[in-house]
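# A structural walkthrough
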Amino acid sequence: MPQKKISIRIDGELISALEGQTILQAAKANGKYIPTLCDLDGLTSVGACRICLVEVSGSERLFPACTTPIQEGMSVTTNSPKLTRYRRISVELLLIERNHVCAVCVSNGHCELQTMASALGIGTVGLAYNFPKLSIDMSHPRFVLDHNRCILCTRCVRVCAELEGAHMWELTSRGIHARIVSEMNEQWGKATSCTSCGKCVHACPTGALAEKGWAVEEMVKKIDAVTSLVHRRGAQV
Amino acid sequence: MPTPSLGSIPTDEQVFIDKLIAIRRGRPGALLGVLEATQERNRYKYLPLETLRYVAAKMEMPLARIYSVATFYALFNLQPQGENTICICRGTACHTRGSRNLLQGARLELGLGLDGGESDGNEADKLLLTTADQQFTVRTVACFGQCAMAPVVEVNHRICGHATERTLQREIETIRAGE
């Protein structure tokens, strides 16, 4: 059955999109940019990062574009001083939550968090840093997990479960204690369900998951390799 | 999919879990019911990792998923619990009515010391301490929803409102005397 077409406005421009699409999908299909850190083409949307918040006229609330389905006659604003303010707060909160030290990071210069922070004009963070004491898992022969750089976007969890089908990653605990965990809190290198495919590494927006053997600034993620895989397989999510 | 390490948990427990899964199969949220009943059956009211592995294998779920669920909910324990549980509310209402003193009083009374947990500055942390003889577990909770009776303490699933250090001490004495 062909999907119903409906019309919405994004930043004043009338576009037609398919019913059931989210605001973000409709925007992407029409070449409109909405910033996001946790969304990845072909994976389910979880609304984890809150960067894609948009204004919908008629409501005071802000809506995450990645999880809000479009409705006929909806009018969406993707950029405004208010949105920039909220996005900036979201990124600042991500920055204080862990120990993001760009100068010594393998992903320096190729990091989505860093790029987002600079695009939003964050030079300094006005909030107190948490400085949590976090571990680094070096047990895998090819990859490394550094909790200090993780933003809990759960791209690795979803790419492993939905694309690779291994479902080795998950989130454990809640709130400030939440961590990415492999199997039952075992070392990554000991996880039997890991296929060492590296999809999680290349889906990771920061340096939290990286290949071993790279120095500062050398880890370049092949995110297109992950998303193109979805399209080649024709996966519908 | 991990192979079930059969034989790593007692046969009667295996039978019990198999039945639970059979009853709930196909229902959304089946895992929660299975884990809750399994924990309740355990002598020390906790879910050993081997049990979680068995449940994962039988329910054909990834290990990570089971571990994630078991650590998300405060209800599930991954550590053995004492025979008696003293749960002290550290919500805002109870805090302002002196629940920190209750917690410290209980810890000293049971010989658990004051190191670790809240004294490290992690005020909101979930605290869980068990005495060496496995008789008492002291834990904290964010709110019981009984703020009118603050400070609230739960002793073996019985709510005690307007608790004081003296009444808490008496509760512990009663339990000890009843052993």
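From a predicted model like this one, the values you see are computed outputs, not experimental measurements. (Residues numbered from 1 in each chain as written. Chains lettered and ligands numbered in written order. Predicted model: local features only at pLDDT ≥ 70, side-chain atom pairs only at ≥ 80, totals over all residues.)

### A word on the overall build of chain A
If you tally the helices and strands in chain A, you get 6 helices and 10 strands. The globule rule puts the C-alpha radius of gyration for 237 residues at 18 Å, and the 18 Å found for chain A is close to it. Over its C-alpha atoms, taken along the principal directions, chain A stretches across nearly 50 × 45 × 30 Å. Across the 237 residues of chain A, 38% fall into the buried class. (Helix = DSSP H or I, 4+ residues; strand = E, 2+ residues; numbered from the N terminus. Rg over C-alpha atoms; globule rule 2.2 N^0.38 Å. Buried ≥ 20, exposed ≤ 12 C-beta atoms within 10 Å, placed from the backbone.)

### Focus: the overall build of chain B
Along chain B, the regular secondary structure elements total 7 helices and 5 strands. Going from N to C terminus, chain B has its helices and strands arranged as α-α-α-α-β-α-α-β-β-β-β-α. Counting only residues that meet the buried cut, chain B has 29% of its 179 residues in that class. In chain B, the proportion of contacts linking residues at least 24 apart, taken out of those at least 6 apart, comes to 60%. (Contact = placed C-beta atoms within 7 Å.)

### Some details on the domain arrangement of chain A
All names here are of chain A. Here chain A is partitioned into domain 1 (5-79) and domain 2 (84-233). Of note, the centres of domain 1 and domain 2, computed from C-alpha atoms alone, are 24 Å apart. Across the contact, 15 residues belong to domain 1 and 19 residues belong to domain 2. Here the residues of the side of domain 1 that touches domain 2 are counted per class, giving 11 nonpolar, 2 polar and 2 charged. (Domains from an automatic or database assignment. Nonpolar A, V, L, I, M, F, W, Y, C, P; charged D, E, K, R; others polar.)

### Considerations on the sheet that holds strand β3 (residues 136-141) of chain B
Residue and element names in this part refer to chain B. Judged by pairing direction, the sheet is mixed, and its 5 strands sit side by side in the order β2-β3-β1-β4-β5 without closing on themselves. Strand pairing shows two members of the sheet lacking a second neighbour, β2 (128-130) and β5 (158-160), which therefore form its edges. Ignoring strand direction, the axes of neighbouring strands in this sheet form an average angle of 20 degrees. Both strand β1 (residues 84-89) and strand β4 (residues 153-155) contribute to a ladder of 3 bridges, which runs antiparallel. Residue pairing for β4: I86 is matched across the bridge by V155. Its contacts with the sheet place helix α6 (residues 99-109) against β1, β2, β3 and β4, and it is angled at close to 155 degrees to β1. (Pairing = 2+ DSSP bridges. Axes fitted to C-alpha atoms, helices over the stretch in contact; angles between N-to-C directions.)

### Description of the nonpolar core
Most often, soluble globular proteins keep nonpolar side chains buried together rather than apart. The biggest cluster of nonpolar side chains holds 76 residues, and the ones touching the most others in it are C156(A), C160(A), C200(A) and L209(A). At 6 residues, helix α4 (residues 155-164) of chain A tops the list of elements feeding residues into this core. Residue contacts for C200(A): discarding those within four places in its chain leaves C156(A), V159(A), C160(A), W169(A) and L209(A). Listed in part, the 18 residues of the second largest apolar core include L102(B), L129(B), V152(B) and A163(B). (Core = buried A, V, L, I, M, F, W, Y, C linked by C-beta atoms within 7 Å.)

### A look at the interface of chain A and chain B
Taken residue by residue, the interface counts 15 residues in chain A and 11 residues in chain B. Put simply, the parts of the chain that give the side of chain A that touches chain B at least two residues each are β8 (169-172) and β9 (179-182) of chain A. Broken down by element, the side of chain A that touches chain B gets its largest block of residues, 4 residues, from β8(A). When grouped by side-chain class, the residues that make up the side of chain A that touches chain B number 5 nonpolar, 7 polar and 3 charged.

### Comments concerning the pairing of β9(A)
All names here are of chain A. Here 4 bridges tie β8 to β9, and the two strands are oriented antiparallel to one another. By the bridge assignment for β9, W169 is matched with S182. Between the end of β8 and the start of β9, which pair antiparallel, lie 6 residues, with S173 showing a positive phi angle near 60 degrees.

### A look at helix α2 (residues 30-41) of chain B
Residues and elements named next belong to chain B. The end-to-end C-alpha separation of α2 is 17 Å, in line with the 16 Å expected for 12 residues at 1.5 Å each. Within the span of α2, buried status applies to V34, L35, T38 and Q39. Here the buried residues of α2 occupy an arc of 125 degrees about the axis, which is enough to place them on one side. Looking at the buried positions of α2, the neighbouring elements they touch are α1 (11-24), α3 (49-59) and α4 (63-72). (Expected span 1.5 Å × (residues − 1). Arc of directions from axis to C-beta.)

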